[in-house]
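Remarks on the overall topology
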Amino acid sequence: MYFCHLKQYSYSVFKSLFHLPFSMLGVPCVIINGMTKSAAYEVGGKVNRENMGAQWNAVFLKGEWRFIDAFWASACVVGKKSKDWKLVDADGNYVDEDEEDDGAYQHVENEVNEFYFLTDPQKFIWTHFPDETEWQCLESTVSESEFEEHVYLRERFYSMNITLLDDFQWKEIILPEHGELGLRFGFPDEKTEDLQFRYAMYRNKSDEEFRHHLRLDRFVLLEHTKGLLRLSMRFPLSGKFKLDVYGMNEKEHESFDLICSHMIHCTVPKANCLPLPDQPAIGWGPVQETKDSGVVPLSHTGAVIVSEDGKIDIKLGTNKKMEIHQLLKNVTLDEATLSKYILVREENGEHYIHLRLPQGGEYALKVYANEEGMPGNAENILNYLISCTNEDVQNKPFPNVPDGILGKKAIAENIGVNARIQKGRFKTKDGRIRLEFAAMSYVELMIEIHTTDSVALKYLKSYRQTIEDRWAFDIDLPVKGEYSINVFARENPKRSRVYNVHSYLVFSDGHAYKDTKEEYKPTKVLTETIQTADNEALVPIPRGYLDVVCCLQRLHANDPPDSSQIEIIDHDNDKLFLAELNDYGEYMMNLYDKDEFGLLNCIARYQLNRKTTTELMQDDPMVIMDRIKEEVEEDEGKEETRSEAREKQRTGATLDMVRKRRHILMLKRRAMELGDRDALEQLIIAYEETKPADNDPTLTSARKLLQLLNAKDRKKKTQRFVSVLYANYLICIAIHTLQEL
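Residues numbered from 1 in each chain as written. Predicted model: local features only at pLDDT ≥ 70, side-chain atom pairs only at ≥ 80, totals over all residues. Heavy atoms only, no water.

1. Description of the overall build of the chain
- When its secondary structure is counted, the chain shows 16 helices and 44 strands.
- When each of the 741 residues of the chain is scored for burial, the buried share is 49%.
- Intrachain contacts of the chain at a sequence separation of at least 6 include 71% that bridge at least 24 residues.
- Roughly 37,100 Å² of accessible area belongs to the chain as shown, and the carbon and sulfur atoms make up 49% of that amount. (Helix = DSSP H or I, 4+ residues; strand = E, 2+ residues; numbered from the N terminus. Buried < 20%, exposed > 50% of the residue type's maximum accessible area, 1.4 Å probe, protein only. Contact = heavy atoms within 4.5 Å. Areas by Shrake-Rupley, 256 points an atom, 1.4 Å probe, with all protein chains shown as cover.)

In structure tokens:
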């Protein structure tokens, strides 16, 4: 209560308020002159006695000297900001905030802080440096230069029992090696679940390379595991950065407070620095959301997984019946392609995630969970950063599974399909298997059998039988190997939408077979990821197929069946699927050619990512890299860069033409993702003026999308015209009725 009343006094009299009562009680108490690292102190700067001068008290109790700073114990400065810094990353989130020191924003709040009442000299010295050395009250005294260079620590560092695990972390200014920096903070193991951490990264505006809109939210990894907090940073650009680390103990503190601050001088950026493949909102590794969901990581308890061969098996336990969903991301590979390299299955209450990474590099594995059969979205509960260290890795994908999940799908219950074999993985006997299902009388079942072995595709066979509501598939897999069997249901034979109700991974032991010597060409499956902000997506149906069906499903979600979500439209002798994307999120869309026996053959695989326009701008790693390259090249002036020289040599274009083409490419990607037809049309014209090759893939994809957007616009105009005709028809009927009355 005494501290709360101190707010009525000015700073200059605080030391006297304690000196007088202690002296009257006969307790030795002196006033100490010195300097403090208060709100006026700039981290990484020089200490200045004139600007940082302060006074505090020392009292002698129980045979030792302790310190009291009555002002720091009863007040804190809030809103102290510096106009020299820009916040560029806060907990992995993109921010666009300037720090402006307008004077009026800085104010003092009265808040009791008992840390600065009878403080241990060993802790007090790093914020309070006395003019007279003896008043450090330390066996080994600290010099002014040591005080200046020591890491900036605040009271939360001590209350959370934090330790710095590497010697260089005790310095306030850190120089990263080769553009990379790792900081490790230790704390008691038993406190792991009670502690939470955050960070904020600032960039100095005085840097010659500074550009206002540069983002660094994908270059810091925060990993919180048992007894350890790890911050791993990579710097794509040189410059001065300030890192603030915050923490709280949920059982002791009401809010986050500063633990420590570092100044980071990056003189040499990391070569070929790529952003992280993702920056999940909940963070990396097992977090509170993991625990709350009932999912327990059994095989990998940290945030980072390192693999040399790219083959990883992750095991998760659950305390109730759960559905596990997955999403794999990489900076250079699209998500539709990556979806072929990951499978999820459940066995005896435990869930397994199997990965076969296609190449070396970094990947983000996002794990989602919901209770079994629960409709709606599954929540992101766990994220791993996976590093495949062997750049020569070239793993084959798994056989096709539409959503990457083995076993029974939640939608099977909605449609009324029940399988005799429920488990998602098994072996055949003599290469043969019989699958039996019960279904509603109006439901048609069909299957896809797939393998990555092109020879095995030539010999596999399937025979479909149906009696009333019973279905059976006799499958022959004579070539030994790995296959997927995906079962689909269609509620109405006139509809083109099918639903994946069961998926199996089958290991065939094979049997003797006669080589037909016939030439067989497996279907080349078109695979593409489409980013859009629209609630509709147009996907072309490949030519040459008579009966094409579509399987559309929202990933990591359980949605009810809705055949009206898919529609076929005609455009210039082509057919297209028009898909309604009612919710934001990721959708998987597989197109199949269906034969008369109910056997499906995948001909196209699309991942449709519907995001807000803001998310499209922020989540694209290529946009991040474009801005970094732009900043580097602006800093290099108008001189020709190495990449520009290579492009000039490859295309034969002039330097001005290369730069113009690059600028148009960046704008074109934005127009394509946002579905801006007019902007895309103008950019195609501008791009053609740079004289690209006839088969230029960028120009081809842009023209293709423009055709789709024109078809979609034509459909909307037709719908509006039909609506007007129908409205006029209703008006005529109403007028006619009124006339008769």
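2. What about the nonpolar core?
- By size, the foremost hydrophobic cluster in this structure holds 58 residues, and its most contacted members are Phe185, Leu231, Met233 and Leu243.
- Membership of the second largest hydrophobic core comes to 31 residues, among which are Ile415, Val443, Ala456 and Leu477. (Core = buried A, V, L, I, M, F, W, Y, C linked by side-chain atoms within 4.5 Å.)

3. Here we look at the pattern of salt bridges
- For the structure shown, the criterion picks out 32 salt bridges.
- In this structure, aspartate 278 and lysine 329 form a salt bridge, with 3.0 Å as the shortest nitrogen-oxygen distance. Taken together, the residues aspartate 278 in the loop between strand E18 (257-266) and helix H7 (288-293) and lysine 329 in strand E22 (residues 322-329) connect sequence positions 51 residues apart.
- Note that lysine 320 is salt-bridged to glutamate 371, the shortest N-O span being 3.6 Å. On the criterion of sequence distance, the pair formed by lysine 320 in the loop between strand E21 (311-318) and E22 and glutamate 371 in strand E25 (residues 361-371) is long-range, its members being 51 residues apart.
- For lysine 320, a relative accessible area of 36% corresponds to the partly exposed category.
- On the accessibility criterion, glutamate 371 (38% relative accessible area) is partly exposed. (Salt bridge = Lys/Arg side-chain N within 4 Å of Asp/Glu carboxyl O.)

4. Notes on the sheet that holds strand E3 (residues 64-68)
- Strands sit in the order E8-E3-E2-E1-E9 across an open sheet of 5 strands; the sheet is antiparallel. Of all strands in the sheet, those bounded by a partner on one side alone are strand E8 (117-119) and strand E9 (128-130). Each adjacent strand pair in this sheet contributes to an overall mean axis angle of 50°, direction not counted.
- Pairing of strand E2 (residues 53-61) with E3 involves 5 bridges; the strand directions are antiparallel. Directly across from alanine 58, in E3, lies its bridge partner phenylalanine 67. (Pairing = 2+ DSSP bridges. Axes fitted to C-alpha atoms, helices over the stretch in contact; angles between N-to-C directions.)

5. Some thoughts on the sheet that holds strand E20 (residues 304-307)
- Within the open sheet, the 4 strands sit side by side as E20-E27-E25-E22. Their pairing is mixed. Each edge of the open sheet carries a strand with a single partner, namely E20 and E22. On average, each strand axis in the sheet is tilted by 25° relative to the strand beside it, whichever way the strands run.
- Pairing between E22 and E25: 8 bridges, direction antiparallel.

6. Considerations on the pairing of strand E13 (residues 180-186)
- Here strand E11 (residues 163-164) runs beside E13; their pairing, made up of 2 bridges, is antiparallel. Across the sheet, the residue bridging to threonine 163 is glycine 186, located in E13.
- The pairing of E13 with strand E16 (residues 228-234) spans 7 bridges and is classified as antiparallel. The partner of glycine 186 across the bridge, within E16, is leucine 228.

7. Topic: the environment of lysine 37
- As for its position among the elements, lysine 37 is in the loop between strand E1 (29-36) and helix H2 (49-52).
- Between the C-alpha atoms of lysine 37 and arginine 154, which are 117 residues apart in sequence, the distance is 9.7 Å.
- For lysine 37, the side chain forms a polar contact with the side chain of glutamate 172, separated by 3.5 Å. (Polar contact = N/O pair within 3.5 Å; in protein donor to acceptor, adjacent residues only side chain to side chain.)

8. What to know about the environment of arginine 497
- Here arginine 497 is to be found in the loop between strand E35 (481-490) and strand E36 (499-508).
- Of the residues examined, arginine 497 reaches a relative accessible area of 6% and is grouped as buried.
- Along the sequence, arginine 497 and glutamate 567 sit 70 residues apart, while their C-alpha atoms lie 8.6 Å from each other.
- Residues contacting arginine 497, with those up to four places away along its chain left out, are Arg490, Cys550, Leu552, Asp562, Ser563, Gln565 and Ile566.
- Within the structure, arginine 497 has its side chain in polar contact with the backbone oxygen of aspartate 562 (distance 2.6 Å).
- At 2.8 Å, the side chain of arginine 497 and the side chain of glutamine 565 are in polar contact.

9. Considering unusual backbone geometry
- Although it is not a glycine, cysteine 137 adopts a positive phi angle of roughly 55°.
- Examined against the element boundaries, cysteine 137 turns out to sit in the loop between E9 and helix H5 (144-149).
- Unusually for a residue other than glycine, histidine 556 sits at a positive phi of about 35°.
- Tracing the backbone shows histidine 556 in the loop between strand E39 (548-554) and strand E40 (557-558).
- Of the residues examined, histidine 556 reaches a relative accessible area of 11% and is grouped as buried.

10. Thoughts on the packing of aromatic side chains
- For the structure shown, the criterion picks out 17 aromatic pairs.
- Ring geometry for phenylalanine 67 versus phenylalanine 124: centroids 4.8 Å apart, planes at 10°, classification stacked. Pair noted here: phenylalanine 67 is in strand E3 and phenylalanine 124 is in helix H4 (residues 121-124), with a separation of 57 residues, a long-range link. Here the two residues phenylalanine 67 and phenylalanine 124 agree in accessibility, since each one is buried. (Phe/Tyr/Trp six-rings, centres within 6.5 Å; stacked < 30°, edge-to-face > 60°.)

11. Observations regarding the side chain of histidine 556
- Within the structure, the side chain of histidine 556 is placed 2.9 Å from the side chain of glutamate 586, a separation counted as a polar contact.
- Discounting residues that sit within four places of it in the chain, histidine 556 has contacts with His325, Gln326, Leu327, Tyr368, Asn377, Ala378 and Glu586.

12. Considerations on the environment of threonine 163
- Within the element layout of this structure, threonine 163 appears in strand E11.
- Beyond its immediate sequence surroundings of up to four residues, threonine 163 is in contact with Phe157, Arg184, Phe185 and Gly186.

13. Quick notes on the state of the cysteines
- For the structure shown, the criterion picks out 0 disulfides.
- The thiol of cysteine 602 is not disulfide-bonded; the next cysteine sulfur, from cysteine 551, is found 9.7 Å away.
- Judged by its relative accessible area of 6%, cysteine 602 is buried. (Disulfide = S-S within 2.5 Å.)

14. Details of the side chain of serine 462
- Note on placement: serine 462 falls in strand E33 (residues 461-467).
- On the accessibility criterion, serine 462 (18% relative accessible area) is buried.
- Among all residues touching serine 462, those that are not within four sequence positions of it are Ile447, Ile449, Phe473, Asp474, Ile475 and Leu599.

15. Some points on the confidence of the model for the chain
- Per-residue pLDDT for the chain has a mean of 83; in total, 77% of the residues score no lower than 70.
- Low confidence marks residues 1-11, where pLDDT is under 50. Its contacts with residues over four positions away, or in another chain, come to 19 contacts.
- Note that pLDDT drops below 50 for residues 719-731; the model gives that stretch 0 contacts with residues more than four away or on any other chain. (pLDDT = per-residue confidence, 0-100.)

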